[in-house]
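As a plain string of letters, each chain reads:
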Amino acid sequence: MPEGTCTRCGHQNAGDARFCNECGAALAPTAAAQSRRTVTVLFCDLVGSTALGDRLDPEVLRGVMTAYHARMRDAVERHGGTVEKFIGDAVMAVFGLPDLHEDDALRAVRAAEEMRSALIDLGGDLDATRAVRMASRMGVNTGEVVIGAGEALVTGDAVNVAARLEQAAEADEVLLGDATERLVRGAVETGSPRGVDARGKVRALTAHPLVRVVPGADPLARRMDAPLVGRDDELVLLRALYERTVRVGGCHLVTLLAPAGIGKTRLTQEFLACVPEARALWGRCLPYGEGITYWPLAEALSATFGDDPAAEVGRLMAGRPDGARIARTVAAALGREAGDGELEIPWAVRRVLETLAELRPVVLVLDDIQWAEPALHSLVEHLAALARTAPVLVLCLGRPELFDARPSWATSAYNGATLLLEALTPADSATLVERLAAGAVEPDVRARIVGSAEGNPLFAEQLLAMALEDGGGSGRLPPTIRALLAARIDRLAPPLRSLLEHAAVEGRVFHLGALRAALPDDDAGAIVHGLEELVRADLLRPAPAEVAGDSAHAFRNQLIRDVAYERLSKQRRADVHERLAGWLADRGALSNEIRAYHLEQAWQLRAQLDPAGSTSQAAARAAADALAAVGRRAAERGDAAAAANLLARATAAGGGGDPVGVRVELAYQLMDRGDFDRAAEEIDHLAAAGDDAAAAYADIARFHLFQATEADHDLTESATRTAAALELFAERRNDAGLARGWLAMAEYHAEACRFEASHRAQLKALAAARRGGDRAQEVRAASDIPLRLWFG
């Protein structure tokens, strides 16, 4: 069946479509198109539905269930969720599909609260007419899933956990999973958490009973008491623009742009504190909902005038020209009464602001302006162009994607200014984290937080909070940051999103050649153009190339790279890692260690998907051979630390074509770096391998271990075992074993001051190493010959 064909109705959709354009069914993407993402899953079930069926006529029951399904679907879809399926009286909904939002967890919790209320209303009607009570129980959980695997829309443990929470809930109770509660903590009230035993789980789940959602609260619970650092210049500029507005009069429009978390809101609060004589009106644009066009205006006026701003506007404008008409139009905009003067709303709002500004300068703050409806954008531009009689500063806080939605933003304003808020410098970030931590975390943890946050104050706050919860050790990415960045990536056009995800496989810095290898079917010119678009979106920046003759880019933030990488399915990641290893194969010796890393990542991913599969086994051998090769080269140059690390990873992958030889070299490199306990463990592994050659290597290595760690140990028995090992290796013409065995005998004779015998053994070791092409053993054997000659 061609890609994009719907299995339900047969309609042929575009190749990148997620849902059928004809019937709306979820399309099962190919393995390459599958992706991983973090979503929020909601399960809802009726309590006592069996008894309900016993007490109601089937026709009545059918009507009740139809109404129940309709209300549940309406609540889910109103909050941007997708109903995956109804199973009898159970509902499963997903928030984060088809589009991902940074507040999907809060949307799901709001939907659950609305569903609970709707069912209580529906049950009240039944109780009054038929003495039948309806109650629900719900579970809400956030976690990583795979999209489009099999017939299910989403698959993953997050779904199972949501179902377990729902089963553990009491009547009319909503239980939130731990991850969901973290994401909505600032916007909800919850009861005391309790443990929930779940079949198949090692530890009990933590469930948080939902009490209520706090209207208008920020789920991130920002630290607005955090000190303002590194913003002196921006603060001076905002004050200068305000003073100019007061001096000149009229409206000035200032747009403060920055990605989420950079500190727009915190800077604005500090600015308003510096101008206490101004009347500050503050409203926040909502990302979704009904009647949200003028929500920020209603919020701003309510904060100034109280619970009935329309009435107060009426009193303010009483006796002025067109005052009654202005009041009616504003009331209609606020949803307080019906009205058809949509075109007059900007004029009416302008007149109200000008009237307020006659008494005191007005600062109107519109937060998250990128989510505003076009009508509100037009209202702001109207104010900037036509408000001329009194000082009004309109300060719009937004993200760079504002210009994607409104390319002509503020270009027609006579008094417009745009201020781009940059990330904090490393020094300012360190100061911020130090003040926020107040000595609660160690300096090394603070340094790690500063490095990971890369100048984003919100990221620093959330990373610090996670470090405090985890005791400073895990370094996990907080779910709040993951949600913000994932939603930002998901808003990209599909080709740009694909570029970003595949670029992330190489690392923080990636090369054009690598990206073309990862996407061989994509047009080269389109890739270059896409990178330019991602630079303009402030997700990437040009970077110095690390491969000769190539160009490179870097992710603006390591956290962006991490989230982009996690979006790819593990199968796809493994494929791309192997493609990058192929691309690096002819890039010279310096790229061999990076190539080994990519092969190792491909093996680990394939092993997670199918440990015993032939593809996984082949990937393991390729990774082990590559790691062993670069590990041995590190040993040749005397870098024992690097050699031990690489050889240990090769051993973990199975050792490749020479598992015994890799483990032997690992034992010696561990001894060279002084890690004798681990070396002893590797020697014991060799002895227990059930192979006589491995046991012979273990006897030789144990001689060297005793010589290095036990000064009073009698080496005679070990030397006897080494001599027996030499006989075995001579019979099998094993030059690698002979080189190590003769080196041990050279040490044994030197300990007894038999320097002539030691010198002869050293020469035999050198000859065996040269025959075997073992450069590391050749260096080891040759290095002691001058000492034997000197003392002998």
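All figures in this text were calculated on a predicted structure; none of them were measured in a lab.

1. Some details on the nonpolar core
At step 1: Grouped together as the largest cluster of nonpolar side chains are 59 residues, with contacts concentrated most on I449, F459, L500, L515, L534 and F555.
At step 2: Ignoring sequence-local partners within four residues, the contact set of L534 consists of L492, L496, L499, L500, L539 and L540.
At step 3: Counting residues in each nonpolar core, the second largest holds 55 residues, with L646, L705, L728 and A776 among its members.

2. Considerations on the side chain of H749
At step 1: Looking at where H749 falls in the secondary structure, it is placed in helix α30 (residues 735-751).
At step 2: Owing to a relative accessible area of 18%, H749 belongs among the buried residues under this scheme.
At step 3: In this structure H749 touches R754, A757 and S758, once residues within four positions along its chain are discounted.

3. Remarks on the environment of Y565
At step 1: Mapping Y565 onto the fold places it in helix α21 (residues 558-567).
At step 2: Given a relative accessible area of 10%, Y565 falls into the buried group.
At step 3: Y565 sits 62 residues away from A503 along the chain, and the two C-alpha atoms are 8.2 Å apart.
At step 4: Leave out the neighbours within four places in its chain, and Y565 touches A504, V505, R573, H577, Q601 and L605.

4. A look at the environment of V145
At step 1: By secondary structure assignment, the location of V145 is in strand β4 (residues 135-147).
At step 2: Judged by its relative accessible area of 1%, V145 is buried.
At step 3: For the pair V145 and R567, spaced 422 residues apart in sequence, the C-alpha separation works out to 9.9 Å.
At step 4: Here V145 is in contact with S35, R36, R37, V39, V154, T155, G156, A158 and V159, once residues within four sequence places are set aside.

5. Here's the deal with the sheet that holds strand β10 (residues 251-257)
At step 1: What the five strands build is an open sheet, ordered β11-β12-β13-β10-β14; its pairing is parallel. In this open sheet, the two edge strands, each paired with only one partner strand, are β11 (279-284) and β14 (416-420). Adjacent strand axes in the sheet meet at a mean angle of 15° when their direction is disregarded.
At step 2: Most of the contacts of helix α8 (residues 295-305) go to β11, to which it runs at about 140°, and overall it touches β11 and β12 (362-367).
At step 3: Strands β10, β12 and β13 (392-398) of the sheet are contacted by helix α12 (residues 374-386), whose axis makes an angle of about 135° with β10.

6. Let's talk about the environment of E342
At step 1: Among the structural elements, E342 can be located in the loop between α10 (323-333) and α11 (345-357).
At step 2: Separated by 33 residues in the primary sequence, E342 and A375 place their C-alpha atoms 9.1 Å from one another.
At step 3: The residues contacting E342, other than those within four sequence positions of it, are Y294 and A375.

7. A closer look at the pairing of strand β9 (residues 205-213)
At step 1: When strand β6 (residues 173-176) meets β9, the two strands line up antiparallel, connected through two bridges. Its bridge partner being in β9, L176 is matched across the sheet by H208.
At step 2: In terms of strand pairing, strand β7 (residues 188-190) meets β9 through three bridges, oriented antiparallel. Directly across from E189, in β9, lies its bridge partner R212.
At step 3: The pairing of strand β8 (residues 194-196) with β9 spans three bridges and is antiparallel. Bridge pairing in β9 places R194 opposite A207.

8. Points about the pattern of salt bridges
Pairing is possible between side chains that carry opposite charge, provided their charged atoms lie close to one another.
At step 1: Throughout the structure, instances matching the rule amount to 46 salt bridges.
At step 2: The residue R137 makes a salt bridge to E166 at a minimum N-O spacing of 3.0 Å. On the criterion of sequence distance, the pair formed by R137 in strand β4 and E166 in helix α4 (residues 157-168) is long-range, its members being 29 residues apart.
At step 3: Taking the shortest distance from any N to any O, the salt bridge between R350 and E354 comes out at 3.6 Å. One end of the pair, R350, and the other, E354, are both in helix α11, four residues apart, so they sit about a helical turn from each other.

9. Some thoughts on α4
At step 1: Taking 1.5 Å of rise per residue, the twelve residues of α4 would be expected to cover 16 Å, and the 17 Å separating its terminal C-alpha atoms lies within 8% of that figure.
At step 2: Packing partners of the buried residues in α4 comprise β1 (35-47), β3 (90-95), β4, β5 (154-155), β6 and β9.

10. Things to note about the pairing of strand β2 (residues 82-87)
At step 1: Pairing analysis gives five bridges linking β2 to β3, with the strands arranged antiparallel. Opposite F86, over in β3, you have V91 as the bridge partner.
At step 2: Between β2 and β3, which follow one another and run antiparallel, lie two residues, and G88 among them has a positive phi close to 65°.

Rules of the game
- Residues numbered from 1 in each chain as written.
- Predicted model: local features only at pLDDT ≥ 70, side-chain atom pairs only at ≥ 80, totals over all residues.
- Heavy atoms only, no water.
- Core = buried A, V, L, I, M, F, W, Y, C linked by side-chain atoms within 4.5 Å.
- Buried < 20%, exposed > 50% of the residue type's maximum accessible area, 1.4 Å probe, protein only.
- Contact = heavy atoms within 4.5 Å.
- Helix = DSSP H or I, 4+ residues; strand = E, 2+ residues; numbered from the N terminus.
- Pairing = 2+ DSSP bridges.
- Axes fitted to C-alpha atoms, helices over the stretch in contact; angles between N-to-C directions.
- Salt bridge = Lys/Arg side-chain N within 4 Å of Asp/Glu carboxyl O.
- Expected span 1.5 Å × (residues − 1).

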